[in-house]
Amino acid sequence: MSVLAIKNIGILVSGDINKPILEYNTILIENGTIKKIGDESILVGVQCDKVLDAKGTTVAPGFIDSHTHPVIGDFTPRQSTLGYIASSLHGGVTTMISAGECHTTGRPKDPSGTKALAILAHKSSENARPGGVKLHGGALILEKGLQEKDFEELSKEGVWLVGEIGLGSVNSPELAAPMVKWARKNGFKIMMHTGGTSIPGSSTITAQNVIDTDPDVVSHLNGGPTAIPLKEVDKLVNDTKYALEIVQCGNFKVMKYAVNAVAEKGELERIIIGNDSPSGTGIIPLGVMRTLSYIASETEISAAQAICFATGNTAKVFGLNVGIIEEEREADLVIMDAPMGSVGKNSLEALEAGDLPGISMVLVNGEILVTKSKNTPPATVKPVIC
């Protein structure tokens, strides 16, 4: 049995939007799972294989990127880039969720082909974790001709995601709504493109299109990259209960407006954060963290609440056992502090000042995979292994 303890935690961000900060300073991890949370008394009588002294810095759940467009492995032809998923780990991202493998060269667009791509991408992502990141690949792109039996078949193969509706030939509520019902019946989580056309072959989607289709997630409410008008943002915020995704590769004016609108409505549990990358905007390994920083510094949302958007909120929407620091959750964690030279005295103050924290460690299933981020500025204070 592998036993790891993290002690002397200065700020413990829970990932739970209902209680973003926990008043504890110690975590005990056994076999990759959080066993106990409390003060150092929980370590009495415990034989640890390794103890991390957080030195008064921040521990948070690993970030979840709710919107990525992988292909196979850690290569994307979209920007001819190798290693972008592993690089995201250095931005604190420990889980990534595919919104569809739309950049696959020669992507098949018939029912058999789109099913085969989803199965291949799903099983490939189960067998390979680039850099240790938990990539949930294989999001079915809806194409004309799919039948209810196809969703049953896919579910048996383990596929459980429908990529953002609008990427394929099924781009209207009339075509999509019946498929959404079939997908939901078979346990799928369903995403839907919102806003202007993103890539050739995709479609412009309005708020009413989304409502008539009835997905689980409104993909890139702030545009991917082109946003819907603000009055349509209001319609989705006020007239639905869907999860509302905010992305880095979108419209920042609408990002700020949407977050404030959801906050005013008192429904912060609906906001999740993704990158929407690779895209024409590029590949941004720090995209999730940059979005957190923008929200924490430009809206009324606190840094701890913003972190919950990218952790526990997303985990709850997609039914994942990560994203929240509580017993029996997978121990995917980020240890960070204010970057050197920041006006912030800790990671949360740095985010609220518009800075990016320095990541000093990233753990996946209790295993230390990053001991110094190659992408963030250096942390002022770093944990040590006792």
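- The protein chain has the name Enamidase in an unreviewed UniProt entry, where Clostridium magnum DSM 2767 is given as its organism.
- According to its UniProt record, the protein chain has this under Cofactor (unreviewed entry): "Zn(2+)".

Describing the packing of helix H2 (residues 111-127) against helix H3 (residues 148-156)
Each pair of packed helices can be summarised by the angle the axes make with each other and by the distance between the axes.
Point 1. Where H2 contacts H3, the axes come no closer than 10 Å and their chain directions differ by 15°. Here H2 is positioned roughly parallel relative to H3, judged by the angle of their axes. Between H2 and H3 lies a crossing of right-handed hand. Contacts between H2 and H3 involve Lys115, Ala118 and Ile119 from the first element and Asp150, Glu153 and Leu154 from the second.
Point 2. Across the contact of H2 with H3, the residue classes tally to three nonpolar, no polar and three charged.

Structural notes on the side chain of His69
Point 1. If you trace the backbone, His69 turns up in the loop between strand S8 (63-68) and strand S9 (75-76).
Point 2. Polar contacts involving the side chain of His69 include one to the side chain of His67, which spans 3.1 Å.
Point 3. Polar contacts involving the side chain of His69 include one to the main-chain carbonyl oxygen of Gly100, which spans 2.7 Å.
Point 4. Apart from residues no more than four positions distant in its own chain, His69 is found in contact with Tyr84, Ala99, Gly100, Cys102, His103, Glu164, Leu167, Asp276, Ser277 and Pro278.

Comments concerning the pattern of salt bridges
Point 1. The final tally for this structure, using the stated rule, is 17 salt bridges.
Point 2. Between Arg184 and Asp214 there is a salt bridge; the shortest N-O distance is 3.4 Å. With a gap of 30 residues between them, Arg184 in helix H4 (residues 173-185) and Asp214 in the loop between helix H5 (207-213) and strand S16 (217-218) connect regions that are remote in the sequence.
Point 3. Residue classification places Asp214 among the partly exposed positions, given a relative accessible area of 35%.
Point 4. Where Glu298 meets Lys256, a salt bridge forms, and the shortest distance between an N and an O atom there is 3.6 Å. Residue Glu298 is located in helix H8 (residues 287-298), and its partner Lys256 is located in helix H7 (residues 252-265); the two are separated by 42 residues in the primary sequence.

Quick look at H3
Point 1. Among all positions in H3, only Asp150, Phe151 and Leu154 are buried. Buried residues of H3 fall within an arc of 100° about the axis and therefore sit on the same side. Among the exposed residues of H3, those pointing more than 90 degrees away from its buried face are Lys149 and Lys156.
Point 2. Those residues of H3 hidden inside the fold are in contact with H2, strand S13 (139-140), strand S14 (161-165) and H4.
Point 3. With its phi angle positive at about 95°, Gly158 sits one or two positions after the end of H3.

Structural notes on the packing of aromatic side chains
Point 1. Tallied over the entire structure, the rule returns four aromatic pairs.
Point 2. With 6.2 Å between their ring centres and 55° between their planes, Phe151 and Trp182 make a pair best called tilted. You can see Phe151 sitting in helix H3 and its partner Trp182 sitting in helix H4, a full 31 residues away along the chain.
Point 3. Classification of Phe151 as buried rests on a relative accessible area of 0%.

Reading the values: rules and limits
- Residues numbered from 1 in each chain as written.
- Predicted model: local features only at pLDDT ≥ 70, side-chain atom pairs only at ≥ 80, totals over all residues.
- Heavy atoms only, no water.
- UniProt positions renumbered as here; feature names shortened; annotations may be inferred.
- Axes fitted to C-alpha atoms, helices over the stretch in contact; angles between N-to-C directions.
- Helix = DSSP H or I, 4+ residues; strand = E, 2+ residues; numbered from the N terminus.
- Parallel < 35°, antiparallel > 145°, perpendicular 65-115°, else oblique.
- Left-handed = near helix turned anticlockwise from the far one by under 90°.
- Contact = heavy atoms within 4.5 Å.
- Nonpolar A, V, L, I, M, F, W, Y, C, P; charged D, E, K, R; others polar.
- Polar contact = N/O pair within 3.5 Å; in protein donor to acceptor, adjacent residues only side chain to side chain.
- Salt bridge = Lys/Arg side-chain N within 4 Å of Asp/Glu carboxyl O.
- Buried < 20%, exposed > 50% of the residue type's maximum accessible area, 1.4 Å probe, protein only.
- Arc of directions from axis to C-beta.
- Phe/Tyr/Trp six-rings, centres within 6.5 Å; stacked < 30°, edge-to-face > 60°.

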